[in-house]
Each structure stands twice: as C-alpha cells, then as structure tokens.
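# Descriptive analysis of the structure
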Amino acid sequence: MDATVRSRDLLVQTLVDLLANDGVEIKGARGIEGLEMPPDIANTGFGSAHDKRPDVIGFDHEHRRIVFGIVRENRESLDSEEALEEYNVFLDHNASLGEQASMVYVMMPHDLVGEFTSIITHYIHRDYWHRLIAVGTPR
C-alpha cells in the first residue's frame, strides 16, 4: 500500500473515530475494514451533475440528521471544482429540514484549517456555514 493511500485511510479513520466519539452512528466509511462503502448522494444540479460519494456517512440520533465526512489531504483538494461541487451536494442534502439538515465534516491536516475557512467563506453561502465543520488533525 503506498503512502498516499495510507495517509488517506488514516484521515478517514481519524474522522470516523471523532464522529463516533461525538455520538454519531457510523453507517459507512471508504476504505475502512468492517464498514460498508458510503452510498452515492444525488447531485441535484451542481457542476458536473454527477452524484457524489462521501468518505464517511453516519447518523446523529440526538439531532436526527445525516452526517457526511469528507477527507482533504492537501491544499489543492480544498477548492478544486470537484471539491466545491461536493460541498454543495452534501450541504444541499436535506437542506429544507432546518435543524435536521445534513452536517458536513471536512477532515484535513491541521495546517490547512485556516485556508479552508477562508475558502469556504468565499465560495459557500453563509446560510450553510454552520453545517460545515473543519476538523484538523492533531498536532
């Protein structure tokens, strides 16, 4: 297994652990043994119009909402056309449900969190900011 795959798998596992510790029931995770592959999520009209698959999917029983997890390994992956489309697809999921609208967690190396926050405030509508959580790796 090459270093890139190991790094990505480690980020996915870290996100799975964090979400599970926050009480999210993990329903699927990409590349994690014992967990199913997350399903594709319908793209209702963003960019390429292709459906998108999160790295992690779970359910927050306390708030009765779906939780999506995305991994970003490097600066280039933060604001690519593909990345922006993914943010929009996952944030649009159940958006009409108010407090039960889906949440999106984005896991990345800790040194990218500031830049990610800047990108999001530029590209994502402010009404969605509270449902998009940046998570940096431990230092």
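These notes cover the structure that comes with them. Treat the numbers as computed from the prediction; the structure is a model and nothing was measured.

### What about the environment of Leu10?
- Position of Leu10 among the secondary structure elements: in helix H1 (residues 3-21).
- Look at Leu10 and you get exposed, because its relative accessible area is 56%.
- Spatially, the C-alpha atoms of Leu10 and Val71 are 9.9 Å apart, while their sequence positions differ by 61 residues.

### Structural notes on the environment of Asn74
- Here Asn74 shows up in the loop between strand S3 (65-71) and helix H2 (81-92).
- Since its relative accessible area comes to 33%, Asn74 is described here as partly exposed.
- Residues Asn74 and Glu62, spaced twelve residues apart in sequence, show a C-alpha to C-alpha distance of 32 Å.
- A polar contact is formed between the side chain of Asn74 and the backbone nitrogen of Glu76, at a distance of 3.3 Å.

### Quick notes on the nonpolar core
- Residues Tyr87, Phe90, Val104, Val106, Phe116 and Leu132 are the most contacted members of the largest nonpolar core, which totals 20 residues.
- Listing elements by their share of this core, those giving two or more residues are S3, H2, strand S4 (103-108) and helix H3 (113-123).
- If you tally residues by element for this core, the top one is H2, at six residues.
- Among the nonpolar cores identified, the runner-up in size contains 16 residues, and Leu11, Val12, Val16 and Met103 belong to it.

About the cut-offs
Position numbers for residues count from 1 along each chain, tracking the sequence in the order it is written. Per-residue local features of the predicted model are confined to residues with pLDDT of at least 70, and side-chain atom pairs are confined, for both listing and counting, to 80 or more; whole-chain, interface and lining totals are unaffected and use all residues. For side-chain calculations, the full set of non-hydrogen atoms in the structure is used, while hydrogens and water are omitted. The numbering of helices and of strands both runs from the N terminus, where a helix is a DSSP run of H or I of at least 4 residues and a strand a run of E of at least 2. The classification of residues rests on relative accessible area computed with a 1.4 Å probe and restricted to protein chains. Under 20% of the type maximum is buried, over 50% is exposed, and intermediate values are partly exposed. We define a polar contact as two N or O atoms separated by no more than 3.5 Å, with the added condition that, inside protein, one atom must be a possible hydrogen donor and the other a possible acceptor, whereas residues neighbouring each other in sequence contribute only through side-chain atom pairs. We call a set of buried residues a nonpolar core when its members are Ala, Val, Leu, Ile, Met, Phe, Trp, Tyr or Cys and they connect through side-chain atoms within 4.5 Å of each other.

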